[in-house]
Amino acid sequence: MEARAIAKGVRIAPRKTRLVIDLVRGKSVSEADKILSNLNKEAARVIKKVLTSAVANAENNLGLNKENLYVSEAYVNEGQTMKRFKFGSRGHIDPIKRRTSHITIVVSDNM
């Protein structure tokens with residue numbers, strides 16, 4: 001059985017978030033938690049929250065044991081892009097794209 005958790009609209013670019021989520025894919029939950037605790041990146045803090053939520057969903061809704069869980073799927077999709085503009089030199093406007101992410105983590109008990 002598997003449980004999932006999704007965080008939508010996280011204000012971190014997907015390219016930066018994918019660097020962190022690649023480290024935890026396929027690992028056990030305890031090992032992934034240790035990896036995320038020792039990373040000094042903002043994306044690691046958000047991914048750790050999503051992982052904790054997925055584990056809580058597995059324990060409370062499905063009655064699974066935390067020691068047997070592992071990260072079966074972990075991926076980041078692009079969310080909405082907020083478009084802003086700043087004034088550039090010689091009277092033109094430079095676009096600024098503030099990208100957001102949708103983070104999904106699925107934990108499972110069978111390997």
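Up top is the structure these notes are about.
The sections below set out a description of the structure shown in this document.

Each value, and the rule that gives it
Residues numbered from 1 in each chain as written. Predicted model: local features only at pLDDT ≥ 70, side-chain atom pairs only at ≥ 80, totals over all residues. Heavy atoms only, no water. Salt bridge = Lys/Arg side-chain N within 4 Å of Asp/Glu carboxyl O. Helix = DSSP H or I, 4+ residues; strand = E, 2+ residues; numbered from the N terminus. Buried < 20%, exposed > 50% of the residue type's maximum accessible area, 1.4 Å probe, protein only. Contact = heavy atoms within 4.5 Å. Arc of directions from axis to C-beta.

1. Regarding the pattern of salt bridges
Turning to step 1, where the next piece is worked out: Under the criterion given, the structure shown has three salt bridges.
Turning to step 2, where the next piece is worked out: Here aspartate 33 and lysine 48 are joined by a salt bridge, their closest N and O atoms 3.7 Å apart. Residue aspartate 33 is found in helix α2 (residues 29–37), and its partner lysine 48 is found in helix α3 (residues 42–62); the two are separated by 15 residues along the sequence.
Turning to step 3, where the next piece is worked out: Here lysine 48 falls in the partly exposed class, since its relative accessible area comes to 28%.
Turning to step 4, where the next piece is worked out: In this structure, glutamate 42 and arginine 45 form a salt bridge, with 3.8 Å as the shortest nitrogen-oxygen distance. Within this pair, glutamate 42 and its partner arginine 45 are both found in helix α3, separated by three residues, close to a single helical turn.
Turning to step 5, where the next piece is worked out: The exposure class assigned to arginine 45 is partly exposed, which follows from its relative accessible area of 45%.

2. Topic: the environment of isoleucine 21
Turning to step 1, where the next piece is worked out: With respect to the helices, strands and loops of the structure, isoleucine 21 is situated in helix α1 (residues 14–24).
Turning to step 2, where the next piece is worked out: Looking at isoleucine 21, the relative accessible area reads 0%, which means it is buried.
Turning to step 3, where the next piece is worked out: Counting along the chain gives 55 residues from isoleucine 21 to valine 76, while the straight-line C-alpha distance between them is 7.8 Å.
Turning to step 4, where the next piece is worked out: With near-sequence residues (within four places) excluded, isoleucine 21 lies in contact with Ile47, Ala74, Tyr75, Val76, Ile103, Thr104 and Ile105.

3. Some words on α2
Turning to step 1, where the next piece is worked out: Within α2 the residues assigned to the buried category are Val29, Ala32 and Leu36. One side of α2 holds all its buried residues, which, seen down the axis, span an arc of 60 degrees.
Turning to step 2, where the next piece is worked out: Tucked inside the fold, the buried residues of α2 contact α1, α3, β2 (70–87) and β3 (93–108).

Geometric values such as these leave the question of function open.
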